[in-house]
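If you want the building blocks of each chain, they are given just below.
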Amino acid sequence: MLNAERDFVGQRSDLTFKYNKSLGRHGWLRLTPAYSVKLVKEIIAGSHTSVDILDPFSGTATTTLTAAEHGNAAVSFDINPFLIWLGNVKCRSYKAIQMQEVRKGCAAAIARTEALLQLDNWRPPLFNIERWWSSTTLEVLAAFRVALVEQFGEPAEDRADGLAWVAFCRLVIETSSAAFNHVSMSFSSETAHYEVEHVTHLYSAILESVLSSCNSPLSGVGEVVEVDARAIPDMGRRFGLVVTSPPYPNRISYIRELRPYMYWMKFLEEAREAGEMDWKAIGGTWGIATSRLATWESKGHLLPDILTDTVSRIAATDTKNAGILATYVLKYFYDMHLHLSSLPNVLAPGAELHYIVGNSTFFGHMVDTPTILGASMRMLGYDKIESTVIRKRNSNKALFEYDVTARWGS
Ligand SMILES: C[S@@+](CC[C@H](N)C(=O)[O-])C[C@H]1O[C@@H](n2cnc3c(N)ncnc32)[C@H](O)[C@@H]1O
């Protein structure tokens, strides 16, 4: 990457999740590492009109929903059950009658909530839950959840009532003390006491905004399926364009940020499961996922020299955690190498790839993600590999986001 090119890019918030907040379904729930609809649209616009699109790291399904809105067929993969559920609720087309049923069920749940207060209702086993919600708010949320379950049953995939649960997730976060002014979630010092009336009014407003974003049907089709991107099977289907943003090697845990939703929706029932899920996630680092690194070893894949050099420099740092973090970086790129080696199972000849990735630093050593990924791609037979810097990540002068592009076959 030319330094001169990097000198001219700014932070470009239009290329981050911030751009999506007011864009209907895209703005339903926020995930900090989500990328911008604008970026995905520009990439799709530069490709053949009827191309099938794949995103092997779905997250909030930005790619798949953008593609379906544009009229394409798209599929994305993820391993996080909550994100798979959310992505499918986002990418579904809804009939007016289905939305009317949801509205009716929610009105009945609202009317029932008062009677369910003080009943020792189920609460999510979130660690330090009192940091998230005051006891008053928690009691109302727990009663309202029971009322929603009475109407719709527990959240399930591929039913129109997913919209009621999306609105509930948004309610849970809007009534919490979680603040989004850092790289990921943090807490404000006080939790507010919200009574039943306030909570149900807020829910009604959220629900109406969720429903109104489903008025226009999608012209394409999008689906999120559970596939581990490190071992992509032959699906009997091939994609001509891959647009994706995998996790970055920066120790951000998606489970950590998603845990309020995941616990309230019962996609997570105990803390141990979170560590197990993060161990499957590329770059995962929550709980047990970090301690397992101590005994992890790469198995028989030839990896790029630039990766081996980077890992050795980190390991040689005279600091307590240097060894484990060197292994973290090695495992991240090892997993990405596995991903890139199984991806051709679903690629059409001549498929075009766009990987939006970020670099990082460990103890002052640069981890040059676009170059290391490019080297993996070259070893695995991809061609036309290039990387373009698209934005500066934050005030740290060394951190950027790149679009790494490549082509598969001819
Ligand atoms: C940076 S996020 C994607 C954000 C997405 N572009 C968006 O706009 O919301 C990376 C995603 O990769 C998923 N992921 C991590 N490891 C995975 C694996 N082994 N297989 C499939 N998905 C994985 C994570 O759960 C996370 O949702």
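Bear in mind that the values here come from a model prediction, so they are computed numbers and not experimental data.

### Side note on the overall build of the protein chain
Alright, step 1. Looking only at helices and strands, the protein chain features 14 helices and eleven strands.
Alright, step 2. Over its C-alpha trace the protein chain gives a radius of gyration of 22 Å, about what one expects of a compact globule, namely 22 Å for 410 residues.
Alright, step 3. In terms of its C-alpha atoms, the protein chain occupies a principal-axis envelope of roughly 65 × 50 × 40 Å.
Alright, step 4. Each of the 410 residues in the protein chain was classed as buried or not, and the buried ones make up 55%.

### Quick look at the domain arrangement of the protein chain
Alright, step 1. Structurally, the protein chain comprises domain 1 (3–93 + 218–408) and domain 2 (96–212).
Alright, step 2. Put simply, the middle of domain 1 and the middle of domain 2, counted by C-alpha atoms, are 30 Å apart.
Alright, step 3. In this assembly, 24 residues from domain 1 lie in contact with 33 residues from domain 2.
Alright, step 4. Carbon and sulfur atoms supply 67% of the area that domain 1 and domain 2 bury against each other, a total of about 2700 Å² over both sides.
Alright, step 5. A per-residue breakdown of the area domain 1 buries against domain 2 is headed by W28, R92 and W264, which together make up 31% of the total.

### Observations concerning the environment of A109
Alright, step 1. As for its placement among the helices and strands, A109 is situated in helix α5 (residues 96–116).
Alright, step 2. On the accessibility criterion, A109 (0% relative accessible area) is buried.
Alright, step 3. What A109 contacts, discounting residues up to four positions off in sequence, is F144, A147, L148 and Q151.

### Thoughts on the site of the ligand
Alright, step 1. The environment of the ligand is formed by 23 residues, the closest being T60, T62, D78, D228 and A229.
Alright, step 2. Measuring from a nitrogen atom of the ligand, one finds a backbone N or O atom of K280 at 3.4 Å.
Alright, step 3. Look at the ligand: alone it shows 610 Å² of surface, and the protein chains cover 99% of it.

Thresholds, definitions, all that
- Residues numbered from 1 in each chain as written.
- Predicted model: local features only at pLDDT ≥ 70, side-chain atom pairs only at ≥ 80, totals over all residues.
- Heavy atoms only, no water.
- Helix = DSSP H or I, 4+ residues; strand = E, 2+ residues; numbered from the N terminus.
- Rg over C-alpha atoms; globule rule 2.2 N^0.38 Å.
- Buried < 20%, exposed > 50% of the residue type's maximum accessible area, 1.4 Å probe, protein only.
- Domains from an automatic or database assignment.
- Contact = heavy atoms within 4.5 Å.
- Buried area = accessible area lost by both parts, 1.4 Å probe.
- Near = heavy atom within 4 Å.
- Polar contact = N/O pair within 3.5 Å; in protein donor to acceptor, adjacent residues only side chain to side chain.
- Areas by Shrake-Rupley, 256 points an atom, 1.4 Å probe, with all protein chains shown as cover.

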